[in-house]
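Structural description and commentary
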Amino acid sequence: MAAAATQSLMPPFPANPTQEQINEHIEQTLQYLLQECRNNLRQLNEAFIEKAFRFCVSAHSLDLRASGEPYYTHPAEVAAIVAREVRLDDVSVAAALLHDVVEDTEFTFKDIQEEFGEDVAQIVDGVTKISDVFKSHEVRQAASYRKLLLSMASDVRVILVKFADRLHNMRTLQFLAEHKQKRMAQETLDIYAPFAHRFGLGTIKWELEDLSFKYLNRDAYDQIKSALNTKRGEREDYIENFANPIKSRLLDYGLTCEISGRAKHLYSIFNKMHKRVKSLDEIYDLFAVRIILDTDNINDCFVVYGIVSDIYTPVPERFKNYISVPKKNGYQSLHTTVIGPSGRKVEVQIRTRSMHEIAERGVAAHFKYKERTNGTYSEDKELEEWAQWVRDIFENAGDDASAQVFESFKLNLFQEEIYVFTPKGDLRILPKGATTVDFAFDIHSKVGYHCIGAKVNGRIVPLNYQLQSGDQVDILTSKNQTPSKDWERYVTTHKAKAAIRKFLNEENRKKVGDGREMWERKLKKLDARVNDDDLEKLAAALKFTHKGDMFAAIGDGTLDVDVLAKLAEERYPANPAKSKAAQSSANTTNTTPEGKDASGNGANTSNGGNGMMDKFTTTARNDSSISLNGTNILYSYARCCNPVPGDDIVGIVTIGSGVKIHRRGCKNLQTMAETLAPRLVEVQWSSQNNSTNGAFLAAIRITGEDRTSMLNDITSAIAAYNNTNIRGVNIDSFDSIFEGVVTVYVKNTEHLDRLLLKLRKIKGVRSVERFQE
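In this text, all values refer to a predicted model and were calculated from it rather than measured experimentally. (Residues numbered from 1 in each chain as written. Predicted model: local features only at pLDDT ≥ 70, side-chain atom pairs only at ≥ 80, totals over all residues. Heavy atoms only, no water.)

Check the secondary structure of the protein chain and you find 29 helices and 25 strands. Counting every position in the protein chain, which comprises 773 residues, the buried fraction comes to 51%. Taking the intrachain contacts of the protein chain between residues at least 6 apart in sequence as the baseline, contacts between residues at least 24 apart amount to 67%. About 36,500 Å² of surface is accessible on the protein chain, with carbon and sulfur atoms providing 47% of the total. (Helix = DSSP H or I, 4+ residues; strand = E, 2+ residues; numbered from the N terminus. Buried < 20%, exposed > 50% of the residue type's maximum accessible area, 1.4 Å probe, protein only. Contact = heavy atoms within 4.5 Å. Areas by Shrake-Rupley, 256 points an atom, 1.4 Å probe, with all protein chains shown as cover.)

Here it is in structure tokens:
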């Protein structure tokens, strides 16, 4: 027998109807739906269902389906499938009626929440999110997409409503264009049918498979269907002749039962023909019989098996006892194959009525779904264990089960993973809590190293943004970007953490090597010697954990090698070249023409304010960019205000970094003006400074409309002007507005001003200004 689809008996919509006929159809549809609910639901609030139905009709009043029918007919059909096939609760039915409202109408999640409560709103929200993802991405990795679907659903009813939604869409697929038919059919076969199989929704699973088969391989579908229809009468006569002697013997034993030909579904027949390389006539279980006993005594099943085996010769290797040894998912039945009249093989299943109900309607029908991959079968144990939990919930929910049973029906499977897309639609699996930086490193370590920002679903997000299942992520990179220690705090994947640590450790090794080399050159120049034990003591005196950290500080310029040399000379005066070390240290002290230090208070002044100035620490330099009274000095730039050539600047004498250069209008400088006054020195950009060839950091704060391609427009505008390099991007968005800071390398204030002007001309940008911490 061909698959008999469980079609709706909902009143058909009249052709060219009057308003009176439309109103009549609405009322008929409501009554039909309520009757389905009365027949199948344990508990029912009819007023609640009617309210949801009328809200659905009103919300979709201006919408039509591709068939030309009013749109409300679709959610009504979906709700009927949920009531008839899934049989959960009235909350599920109401959610089915409203499942397209948020996606297709002006009503919001909040509206649904206020009108129908949190449960209905959450189910509708889950169905909407799944629909959005599957609309925008082609299914390429079926197993991963099945997990994606689960990860996006916080309530099992989300998936069950989605099953019903897909089933009705497949029933009306003929109204769509051919390419849409094939895409939806393939998606159904890969994603939804296997899930229905795992949930034990046998009738839904079979119909989804046959409908998919119809649109994916129409010739084979029509051929098998035609052949089965041609032989239908012959097949029904054969099964009747086969069953009559069994019925007679069972009556002698006082057993009542139902014996029927078991429908073989077209897609199942097609697969068996290909797997066994046999023709349609050679597929023996086209003749299949199911014996359903009206008894609670499972031993009666074995009595029936004995009777069948006495009447017809059994095929020993085809006997399977799923009653004494149930499948892991709880499925119970006896399976056997016997030689029937005319020497034909007949497959027989023997089970009680309760076993049949669970197998057909419920959650125990072939949960263990095996997926054929490269010639081997793979099983998902985690999904199987979860499916067993679902089955237990169903079986333990008796007739008096309260709605609370279903309210606790929450999904935990794959909630520890998220499933996100690349710009090309490839699916990536990351742990929950993963950020855009995790995603960048998952693509490639080089992408991670140079990541400066990201767009998620077309919106600008910062590097520490936590991704959600279904997000599409586009990573922005810059050759000047490198990982910082901050990144380690907000990445979660081992791959990202390991790559960042590897980079930072390698950079630290370089700094240690550079610092050690600078120190050794200094010792050689001073003709001095300091052993390793003394170096460790010097490191401790300077608050470093060990000498390696001290050398790294010298290598990156945060510790002046002359400061270390002076400290070593003071601690260990017995070392040679004492006078040379002292003289070298004295030569690096920044002095006024009168011979005092830059504060005018002598050498003791430099001993104060060490902790206060730590926030301004940056790389020390000794080139010709900055001069003090025409003399080149050891200096460093303050990161709080990032001065560039052309700015009005002032210096602060520090320990270890020479003179710290600030913009004169620096907020931090003004806040501590009185405290810093004795250490302020007048400095200027050197006339010898070739600023046009330099690279100076500058930060730009920018705000505007969070629209598609905004981040791309910003970075393109920056890069297009004088090939400006971007050091970093830290942008966040909220309420359709973005705000953030872009760090760039510029040559001077003229270069920076031109960039600000370019950025202000971008559509949607509201404000652009130079940023200061």
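With a phi angle near 55 degrees, D527 is a residue other than glycine that sits in the positive phi range. Despite not being glycine, N723 has its phi angle at roughly 55 degrees, a positive value. Topologically, N723 is positioned in the loop between α28 (710-720) and β23 (726-734).

All right, on to the pairing of strand β9 (residues 417-421) then. Of all five residues making up β9, four are buried, and the element is well covered by its neighbours. In this structure, β9 lies alongside strand β10 (residues 427-431), joined through five bridges in antiparallel fashion. Bridging across to β10, Y419 finds its partner in I429. In this antiparallel pair of consecutive strands, β9 and β10, the connection spans five residues, and G425 shows a positive phi of 95 degrees. (Pairing = 2+ DSSP bridges.)

Here we take up the environment of G453. You can see G453 is positioned in strand β11 (residues 451-456). The class of G453 is buried, set by a relative accessible area of 2%. Considered as a pair, G453 and L476 are 23 residues apart in the sequence and their alpha carbons are 5.2 Å apart. With near-sequence residues (within four places) excluded, G453 lies in contact with L463, D474, I475, L476 and V729.

Let us now look at the pairing of strand β24 (residues 737-746). In terms of burial, β24 is largely enclosed, as seven of its 10 residues are buried. Alignment of strand β22 (residues 696-705) against β24, held across 10 bridges, turns out to be antiparallel. Bridge assignment links G704 to a residue of β24, and that residue is F738. Sheet topology places β23 next to β24; eight bridges connect them, and they run antiparallel. Looking at the pairing, G728 lines up with T743 of β24. Following β23, the chain reverses through two residues before pairing antiparallel with β24; D735 in that reversal takes a positive phi of roughly 50 degrees.

On to the sheet that holds β11. Through backbone hydrogen bonds, the strands of a sheet pair up, either in parallel or in antiparallel fashion. A sheet is described by the order of its strands in space; here three strands give the open sequence β12-β11-β13, paired in antiparallel fashion. The open sheet terminates on both sides in strands that have one partner only, identified here as β12 (459-461) and β13 (473-477). Here the strands of the sheet are splayed against their neighbours by 30 degrees on average, with no regard to which way each runs. Inspection of the sheet shows β11 paired to β12 by three bridges, in the antiparallel sense. Note that in β12 the partner of K455 across the bridge is I460. Sheet strands touched by helix α19 (residues 436-443): β11, β12 and β13. Its angle to β13, the strand with the most contacts, is close to 80 degrees. The strands that α28 touches are β11, β12 and β13; relative to β11, the one it contacts most, it runs at about 150 degrees. (Axes fitted to C-alpha atoms, helices over the stretch in contact; angles between N-to-C directions.)

Before going further, it helps to examine the environment of Y312. Tracing the backbone through its elements, the reader meets Y312 in the loop between α15 (299-311) and β3 (313-314). As a C-alpha pair, Y312 and G343 span 31 residues in sequence and 10.0 Å in three-dimensional space. In this view, Y312 contacts N241, F242, P245, I246, V338, I339, G340 and P341; residues no more than four positions away in its chain are not counted. Reaching out from Y312, the side chain makes a polar contact with the backbone oxygen of F242 at a distance of 2.8 Å. (Polar contact = N/O pair within 3.5 Å; in protein donor to acceptor, adjacent residues only side chain to side chain.)

We now examine the side chain of H356. Within the secondary structure, H356 is located in helix α16 (residues 353-361). Apart from the residues within four sequence positions on either side, H356 is in contact with R290, I292 and R351.

Here we have four strands laid out as an open sheet, ordered β23-β24-β22-β25, and antiparallel in their pairing. The open sheet has two edge strands, β23 and β25 (765-770), and neither has a second partner. For this sheet, the mean angle separating the axes of adjacent strands, direction not counted, is 15 degrees. Along the sheet, helix α29 (residues 749-760) makes contact with β22, β24 and β25, crossing β25 at roughly 170 degrees.

As for its placement among the helices and strands, L756 is situated in helix α29. Separated by 56 residues in sequence, L756 and I700 place their C-alpha atoms 7.9 Å apart.

Turning our attention to the packing of aromatic side chains. Each aromatic ring pair is characterised by the separation of its centres together with the angle its planes make. Under the definition given, this model contains 14 aromatic pairs. Between F55 and F116, the ring centres sit 5.4 Å apart and the planes meet at 90 degrees, which makes this aromatic pair edge-to-face. Pair noted here: F55 is in helix α2 (residues 46-59) and F116 is in helix α6 (residues 109-116), with a separation of 61 residues, a long-range link. The same class applies to F55 and to F116, which are both buried. Ring centres 6.1 Å apart and planes at 35 degrees place the aromatic pair Y637 and W685 in the tilted group. Of this pair, Y637 sits in strand β17 (residues 635-637) while W685 sits in strand β21 (residues 684-685); the two residues are 48 residues apart in sequence, bridging distant segments of the chain. The burial state of Y637 is the same as that of W685; both residues are buried. Taken together through their ring pairs, the aromatic side chains of F48, F55, F107 and F116 make up a single cluster. (Phe/Tyr/Trp six-rings, centres within 6.5 Å; stacked < 30°, edge-to-face > 60°.)

Another point: helix α11 (residues 202-216). Residues separated by three or four positions in an α-helix point in the same direction, a consequence of the helix having 3.6 residues per turn. Taking 1.5 Å of rise per residue, the 15 residues of α11 would be expected to cover 21 Å, and the 21 Å separating its terminal C-alpha atoms lies within 8% of that figure. Along α11, the residues classified as buried are G202, I204, K205, E207, L208, E209, D210, L211, S212, F213 and Y215. (Expected span 1.5 Å × (residues − 1).)

Per-residue pLDDT for the protein chain averages 78, and the proportion of residues at 70 or more is 77%. The model gives residues 1-7 a pLDDT under 50, and that stretch makes 21 contacts with residues more than four places away or in other chains. Between residues 575-620, whose pLDDT stays under 50, and residues either more than four places distant or in other chains, the model counts 89 contacts. (pLDDT = per-residue confidence, 0-100.)

Here we come to the packing of helix α22 (residues 532-541) against helix α23 (residues 547-555). Running from amino to carboxyl end, α22 crosses α23 at an angle of 70 degrees, the nearest separation of the two axes being 8 Å. With respect to α23, the element α22 is oriented roughly perpendicular. The residues of α23 that touch α22, namely those facing D532, L535, E536, L538 and A539, are K547, M550 and F551. Its residues assigned to classes, the contact of α22 with α23 comprises five nonpolar, no polar and three charged. (Parallel < 35°, antiparallel > 145°, perpendicular 65-115°, else oblique. Nonpolar A, V, L, I, M, F, W, Y, C, P; charged D, E, K, R; others polar.)

A few words now on the nonpolar core. Core analysis: the biggest nonpolar cluster contains 65 residues, and V93, L98, I112 and V120 have the highest contact counts within it. Dropping the residues within four chain positions of it, V120 is found in contact with F48, V91, A94, A95, L98 and I112. Among the nonpolar cores identified, the runner-up in size contains 37 residues, and V644, V659, A717 and V744 belong to it. (Core = buried A, V, L, I, M, F, W, Y, C linked by side-chain atoms within 4.5 Å.)

A contiguous patch of positive charge, built from K275, R276, K278 and K345, is present on the exposed surface. Turning to its location among the elements, K275 is positioned in helix α14 (residues 266-276). A relative accessible area of 65% means that K275 is categorised as exposed. (Patch = residues over 30% accessible without salt bridge, like charges linked within 9 Å, V, L, I, M, F, W, Y side chains within 5 Å. Salt bridge = Lys/Arg side-chain N within 4 Å of Asp/Glu carboxyl O. Lys, Arg positive; Asp, Glu negative; His and termini not counted. Charge placed at Lys NZ, Arg CZ, Asp CG, Glu CD.)

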